[in-house]
Amino acid sequence: MVSGKDRQKQLAREHYERQQAARTQRERAAKRTAAIGTTVGVLVVIGGIVAAATLLTGGDDDATTASPTDTAVPSASAPAGPKAYDPATGSCEYLADGQAAKDVGQPPAKVAAQPATMTIKTNLGVIEATLDGAKAPCTVGSFQFLAEKKYFNDTKCHRLTTEGIKVLQCGDPTASGSGGPGYRFTDENLDGASYKRGVLAMANSGAGTNGSQFFIVYGDETDTALQDAYTPFGTITKGLDLVDKVAKDGVEGGGGDGPPKTAVEIKDVTITGKS
């Protein structure tokens, strides 16, 4: 007959074994995740180069990550993705998608589809970019809306990669890699997409999952390391040297992927030449 103490030991051992099995499963899943983009409810940026489990899964130990390179065929009952820009009406579709990291509502469907200029004021200086509202109208329209709502104000760039791909990732008010605006929209400007130094592009967790997280490419070789799955919507025209200095200081705690050692805090974002 099993004593009470023996039963307690058995239960403890089984609990430990379950924990170990779950940890092993998470580690295996992390190795299969993409390197730049967003998980289901979390932003992930780049496919197949560097696995960053913490940033891809946010703070939920039971969360699963979705790779931008997933090839699973959606079921017949799967919800339709957001519609692309309609030039006849000049409108985009922004679909509700989970809980917002900072609730500012959804952008208006109507966008101008014109070039714009973005100014990002940071604790390290000013970064400026031209935005291609003609080729990425829904993306630029979303940025215009979020900037006006001060969504990006007082947020930190949560991720720096210095190996394989070289980008600085920002746009999550929680600085965890799992935050978004509570809506998603279509991919744009992917035909012949290039990710050379100075390119500004969206992070995602698969097709049609763009939200608020974006990345700045500071490395020359990143162009050949990324698949054309991340909407390029602008080009940095000033302040790329600030990103270079942050990259030179490296990742907090070492390694090639994680929060930058030198914090980049976005104080304010303004966009002119409305898109």
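Residues numbered from 1 in each chain as written. Predicted model: local features only at pLDDT ≥ 70, side-chain atom pairs only at ≥ 80, totals over all residues. Heavy atoms only, no water.

Novice: Would you take a moment to explain the sheet that holds strand S8 (residues 167-170) for this structure?
Specialist: One key point about sheets: their strands pair by backbone hydrogen bonds, in either a parallel or an antiparallel sense. Taken in spatial order, the ten strands line up as S6-S14-S4-S5-S12-S10-S11-S8-S7-S13 in an open sheet, and their pairing is antiparallel. Strands at the two margins of the open sheet, each flanked by one partner only, are strand S6 (155-156) and strand S13 (257-258). Strand direction decides the pairing type here: S6 and strand S14 (residues 265-272), joined by two bridges, are antiparallel. Bridging from a neighbouring strand, Lys156 pairs with Glu265 of S14. Against the sheet, helix H3 (residues 137-148) makes contact with strand S4 (116-122), strand S5 (125-131), strand S10 (199-202), strand S11 (214-217), strand S12 (232-238) and S14, and its axis sits at roughly 120° relative to S14, the strand it touches most. (Pairing = 2+ DSSP bridges. Helix = DSSP H or I, 4+ residues; strand = E, 2+ residues; numbered from the N terminus. Contact = heavy atoms within 4.5 Å. Axes fitted to C-alpha atoms, helices over the stretch in contact; angles between N-to-C directions.)

Novice: Just to check I follow, could you spell out the pattern of salt bridges for this structure?
Specialist: A side chain with one charge may pair with a side chain of the opposite charge, provided their charged atoms come close. Tallying each qualifying case throughout the model produces four salt bridges. Where Arg159 meets Asp257, a salt bridge forms, and the shortest distance between an N and an O atom there is 2.7 Å. Pair noted here: Arg159 is in strand S7 (residues 159-161) and Asp257 is in strand S13, with a separation of 98 residues, a long-range link. The partner of Lys267 in a salt bridge is Glu265, and the shortest N-O contact between them spans 3.1 Å. (Salt bridge = Lys/Arg side-chain N within 4 Å of Asp/Glu carboxyl O.)

Novice: Would you mind going over the confidence of the model for the chain with me for this structure?
Specialist: For any part of a model where pLDDT is low, the fine detail of the predicted coordinates should not be relied upon. Across the chain, the average pLDDT comes to 80, with 70% of residues at 70 or higher. Contacts for the low-pLDDT stretch residues 24-35, under 50 throughout, to residues beyond four places or in other chains number 26 contacts. (pLDDT = per-residue confidence, 0-100.)

Novice: Can you help me understand the state of the cysteines in this one?
Specialist: Covalently bonding the sulfur atom of one cysteine to the sulfur atom of another cysteine gives a disulfide. Tallied over the entire structure, the rule returns two disulfides. Paired by a disulfide, Cys92 and Cys138 hold their sulfur atoms 2.1 Å apart. Judged by the torsion about the S-S bond (-95°), the Cys92/Cys138 disulfide is left-handed. Within this pair, whereas Cys92 is found in the loop between helix H2 (53-57) and strand S3 (95-96), its partner Cys138 is found in helix H3, the two being separated by 46 residues in sequence. Note on Cys92: relative accessible area 7%, which makes it buried. Look at Cys138 and you get buried, because its relative accessible area is 0%. Disulfide partner of Cys157: Cys170, at an S-S distance of 2.1 Å. Here the disulfide of Cys157 and Cys170 is right-handed, its torsion about the S-S bond being about 95°. (Disulfide = S-S within 2.5 Å. Buried < 20%, exposed > 50% of the residue type's maximum accessible area, 1.4 Å probe, protein only.)

Novice: Teacher, can you tell me more about the environment of Leu242 here?
Specialist: By the element assignment, Leu242 lies in helix H4 (residues 240-249). On a C-alpha basis, the gap between Leu242 and Leu124 in space is 6.9 Å, while along the polypeptide they are 118 residues apart. Setting aside residues up to four positions removed in sequence, Leu242 forms contacts with Leu124, Gly125, Val126 and Ile127.

Novice: Could you clarify how one ought to interpret the side chain of Thr186 in this entry?
Specialist: Relative to the assigned elements, Thr186 resides in the loop between strand S9 (183-184) and S10. By relative accessible area, which is 10% here, Thr186 ends up buried. Excluding anything up to four places from it in sequence, Thr186 contacts Pro82, Lys83, Ala84, Cys138, Gly208 and Asn210.

Novice: What's the story with the side chain of Gln169 in this structure? I'm lost.
Specialist: When you line up the elements, Gln169 lands in strand S8. Within the structure, the side chain of Gln169 is placed 2.8 Å from the side chain of Gln213, a separation counted as a polar contact. (Polar contact = N/O pair within 3.5 Å; in protein donor to acceptor, adjacent residues only side chain to side chain.)

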